[in-house]
Each structure stands twice: as C-alpha cells, then as structure tokens.
Amino acid sequence: MEKDNLCKHIAIIMDGNGRWAKKRSMPRTYGHKKGAENVVNITRAMKDSGVEFLTLYAFSTENWQRSEEEVNALMNLLNEYLDKEFKEIMDNDVRIIFIGERDMLDKNIQKKMAYIEKESNNNTSLTLCVALSYGSRQEIVNTVKNIAKNVKEGAIGIEDISIDLINKNLYTRDIPDPDILIRTSGEQRISNYLLWQLAYTELFFTKTYWPDFGKDELLDIIQQFNNRERRYGKN
Ligand code: IPE
Ligand code: IPE
Ligand code: MG
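Every value quoted in this text rests on a predicted model; they were computed, and no experiment measured them.

Right, let's get into the site of ligand 1. The local shell around ligand 1 holds 13 residues, among which D15, G18, R19, R28 and R66 are the closest. Within the contact set of ligand 1, an oxygen atom lies 2.8 Å away from a side-chain nitrogen or oxygen of R19. A total of 380 Å² of accessible area belongs to ligand 1 in isolation, and the protein chains cover 87% of it. Given that more than half its atoms are within 2 Å of the pocket grid, ligand 1 belongs to the largest pocket. Elements that contribute at least two residues to the shell around ligand 1 include exactly helix 1 (17-23), helix 2 (28-47) and helix 3 (68-84). It is helix 1 that contributes the most residues to the shell around ligand 1, three residues altogether. Residues that form the shell around ligand 1 fall into these classes: three nonpolar, five polar and five charged.

Before going further, it helps to examine empty space enclosed by the protein. Scanning the entire structure with this criterion turns up one cavity of 30 Å³ or more. Its volume calculated, the largest cavity comes out at about 40 Å³. Here the lining of the largest cavity is built from residues that sort into four nonpolar, four polar and no charged.

A few words on the packing of aromatic side chains. One pass over the structure, following the stated rule, counts eight aromatic pairs. Measuring from centroid to centroid gives 5.6 Å for F86 and Y115, while their planes differ by 35°, and the two rings are tilted. One end of the pair, F86, is in helix 4 (residues 86-91); the other, Y115, is in helix 5 (residues 107-119), with 29 residues separating them in the sequence. Chaining the aromatic ring pairs together yields one cluster made of Y57, Y134 and Y193. Stacked on the ring of W20, the Lys or Arg R24 has its end atom at 3.9 Å from the ring centre. The ring centre of F204 lies 3.8 Å from the NZ or CZ of R228, which sits over that ring.

About the thresholds
Residues numbered from 1 in each chain as written. Chains lettered and ligands numbered in written order. Predicted model: local features only at pLDDT ≥ 70, side-chain atom pairs only at ≥ 80, totals over all residues. Heavy atoms only, no water. Near = heavy atom within 4 Å. Polar contact = N/O pair within 3.5 Å; in protein donor to acceptor, adjacent residues only side chain to side chain. Areas by Shrake-Rupley, 256 points an atom, 1.4 Å probe, with all protein chains shown as cover. 1 Å grid on protein atoms, 1.4 Å probe; cavity = no way out; pocket = protein on both sides within 12 Å on 5 of 7 lines; lining within 4 Å. Sits in = over half its atoms within 2 Å of the grid points. Helix = DSSP H or I, 4+ residues; strand = E, 2+ residues; numbered from the N terminus. Nonpolar A, V, L, I, M, F, W, Y, C, P; charged D, E, K, R; others polar. Points joined across faces, edges and corners; volume = space filled by probe spheres on them. Phe/Tyr/Trp six-rings, centres within 6.5 Å; stacked < 30°, edge-to-face > 60°. Lys NZ or Arg CZ within 6 Å of the ring centre and 35° of its normal.

Everything listed is a geometric property; what it means functionally is a separate question.
What follows is the structure in structure tokens.
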C-alpha cells in the first residue's frame, strides 16, 4: 500500500472564539482578541514542524452578516495585526498570501494586504495563507467566470477545461491542496471552506475552542495524520 504521509499543508477553521468568551462571561469581541493572539502562537509553532503551508479561515463571506459591532471589531483587529505583525513576519521569513473577496474589504485594509503580500513574496520558511472574506462557492463562481471569458475570447477551447485548469484559476493556485483540515470548537462541518481543495484531505475535529488550541494539540494531530493511510480511491 502506497503511503503519502508527508504533511505539507494544514488548513484550519478557527472556530469557537465567541463561545470561549461566553464561558468567561466576556463579550464575543474579547474572544476574537484572544483568537488573534493565538494565530501568532500557532504560526510560530508551525515554523518548527516542517509544514510548508498554513491556511487559516479568518473571516467568511457569510460572516459579513454578523452584527455591525462584531464585524467592526474583527476588521479593527485585522487592521491592527497587519501593522503589528509585519516585522515578525519578515524576521521569520514568512510569506503571506490572502484569498477571498477583497473588494468587500475596506480600501485601506486592501492596500495593507497588497503591501504585505508584495514585501513577503520572496520569504520561504512558511507560506501563511489567510482566508479573509472568503467563501469557497464564490471562489468557484469566480473561477468559472474567468474560464468562460477565456473560452468566449477564443484563448482556450472547451476541451481545454480540466482539473488542472480549474486549479490554476482558483485563489489557491499557488499552493497545494491541504493534507490536514482542523476545525476547532466541536462543530463538524466545512462552512464554505476550500470545497474543491479538500477532496482528499484528512479531517480532524477537536472540541477545543480556538483561543485554547495550542502547539501540543497541533503536534498530536500531525502525529495522528502520520499514522493514517491515504488511499485516494485505490485498494
Ligand atoms: C470564529 O469564532 C471566528 C470567526 C468566525 C470570525 P466564532 O465567532 O464563530 O465563535 P463561535 O462559533 O460563535 O463560538
Ligand atoms: C467558520 O466559522 C468561519 C470562520 C472560522 C472564519 P462560523 O462560526 O462562521 O461557521 P458556522 O456559522 O458555525 O457554520
Ligand atoms: Mg463559529
């Protein structure tokens, strides 16, 4: 039996900030603050694990429907971290990329995102992909539109449409499919995350709320992954 157990890419649905705060009788926004601190913590832990790509679900297209107060608090946190973490990102040789519907974000935030992507583009220790205003169905719609446009203009024919071509038109074109998906907080669903890319990903669900998810649990999941057998439909 062929084994393919090298984990290159971990994707995480960072869920449970609100419940973490509620348990402590604190506002949901406090949970988001602690969640943001844990992003830094887990990114650091990842650097020593040999994993090359980390994709974090920070804000979904559906999350725009939350209260104005919560959305503003999340956007302010994002703005703060884009400034505050820039030096650490560069010092640690981390490449940052963003996936999602950028147009829905504040112009000032969009500018900072583009700047960080450009400045960190040649860093090689870890690629941190942040899914921000991200929805997988929207990504697929966008991909279909791009391909249809190319067909209409005669740049490609219908027979050129392939799995590979679709991969090349997704926001994730520069990164391999995830080997591991982790969702914290006990929920067992995908919530519009990387639907195409997760086709053969190994899934891990933990009851831990995101602010409490630490390095030990991360390393334990990588260990469990190492003991799983991936078959890709073969016998
Ligand atoms: C995840 O935590 C963070 C975001 C979705 C932005 P939640 O805010 O969803 O926390 P719960 O699920 O309500 O506990
Ligand atoms: C998924 O969590 C999105 C992020 C973690 C950013 P949600 O809390 O929004 O997902 P549902 O609503 O429980 O499916
Ligand atoms: Mg949630």
